[in-house]
Amino acid sequence: MKLFIDSADVSEVSALVKGGLGLIDGVTTNPSLIAQSGASIRERIAELCAIVDGPVSAEVTATDFEGMLKEGKALAAIAENVTVKVPLTEQGLRCCYALSREGVAVNVTLCFSPAQALLAAKAGACFVSPFVGRLDDIGHDGMLLIEEILDMYRAYDFATEVLVASVRHTGHVVAAARLGAHVATLPPKVFRALYKHPLTDRGLEAFLEDWRKTKQTIL
Ligand code: G3P
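Below is a short write-up of the structure. (Residues numbered from 1 in each chain as written. Predicted model: local features only at pLDDT ≥ 70, side-chain atom pairs only at ≥ 80, totals over all residues. Heavy atoms only, no water.)

Here we take up the packing of aromatic side chains. Evaluation of the coordinates by the stated rule reveals five aromatic pairs. With centroids separated by 6.0 Å and ring planes inclined at 40°, the aromatic side chains of Tyr156 and Phe158 adopt a geometry described as tilted. A residue is classified by how much of its surface remains accessible, and Tyr156, at 61% relative accessible area, is exposed. Judged by relative accessible area, Phe158 falls into the partly exposed class, the value being 24%. Relative to Tyr195, the ring of Phe191 has its centre 5.8 Å away and its plane inclined at 85°; by these criteria the two rings are edge-to-face. You can call Phe191 buried: its relative accessible area is 2%. (Phe/Tyr/Trp six-rings, centres within 6.5 Å; stacked < 30°, edge-to-face > 60°. Buried < 20%, exposed > 50% of the residue type's maximum accessible area, 1.4 Å probe, protein only.)

Printed below as a string of structure tokens:
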């Protein structure tokens, strides 16, 4: 499963890419993350594209077909590894279809149902982004949606990759991997949490304590 970082914070993404042993396969952003960063979208996407050797999702903010198409083309022109993100609306899917036919990679975002995911695949999306955390937040089962979409896509061999978004904790990442999701996009703190287990820390502490008593050195 590919791991993307869901952030528009250049220093955070850069630190994870450098320290991440090649574990980071891409980045996703959205208008809220760009707003939080305080940066200009074009500059920020260019910076992220230079840091990451993989797709960087940049989202349109127009809601009409023509506007989305223009914005999508402008975003795609920033760098070769831009993936244009469009919302899962009727106009967004029209835009996905048009851009995909021109060879632009499209990520259809804000997906909350299998029916929506079916349309995204038929519109030629490179990725579909179901939001598991936001579904869990309202008492639904986000991972069930991932399972349903994967079943459907496998039944028809759709090329669209399922990009698990709105990930809140490591449990979501493991559940996504067990289902065979293609990608999960993680907030930096969830990525870092993947390394952690209290028994690892406690075990290492005990090993080192015992080792110190031997007064040995390996080198
Ligand atoms: O970038 C899309 C998605 O990952 C946002 O997640 O945490 O705002 O629900 P969240």
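Once the structure has been displayed, the description carries forward.
This part takes up unusual backbone geometry. Even without being a glycine, Asp157 presents a positive backbone phi close to 55°. Of note, Asp157 is situated in the loop between helix H8 (142–156) and strand E7 (161–164). A relative accessible area of 70% means that Asp157 is categorised as exposed. (Helix = DSSP H or I, 4+ residues; strand = E, 2+ residues; numbered from the N terminus.)

A pair of packed helices can be characterised by two numbers: the angle between their axes and the separation between those axes. Running from N to C, helix H4 (residues 65–76) and helix H5 (residues 90–101) cross one another at 45°; their axes reach a closest spacing of 9 Å. Our classification of the angle between H4 and H5 gives oblique. The element H4 and its partner H5 pack so that their crossing is right-handed. Residues Phe65, Met68, Leu69, Gly72 and Lys73 of H4 touch H5, and the partners they reach there are Gln91, Gly92, Arg94, Cys95, Ala98 and Leu99. In terms of residue class, the contact of H4 with H5 is made up of six nonpolar, three polar and two charged. (Axes fitted to C-alpha atoms, helices over the stretch in contact; angles between N-to-C directions. Parallel < 35°, antiparallel > 145°, perpendicular 65-115°, else oblique. Left-handed = near helix turned anticlockwise from the far one by under 90°. Contact = heavy atoms within 4.5 Å. Nonpolar A, V, L, I, M, F, W, Y, C, P; charged D, E, K, R; others polar.)

Spatial strand order, E1-E2-E3-E4-E5-E6-E7-E8: eight strands in a closed barrel with parallel pairing. When the angles between neighbouring strand axes are averaged without regard to direction, this sheet yields 30°. In the sheet, E7 pairs with strand E8 (residues 183–186) via two bridges, with the strands oriented parallel. Paired with Leu163 across the two strands is Val183, which belongs to E8. (Pairing = 2+ DSSP bridges.)

Limitation: the analysis is restricted to geometry and does not speak to function.
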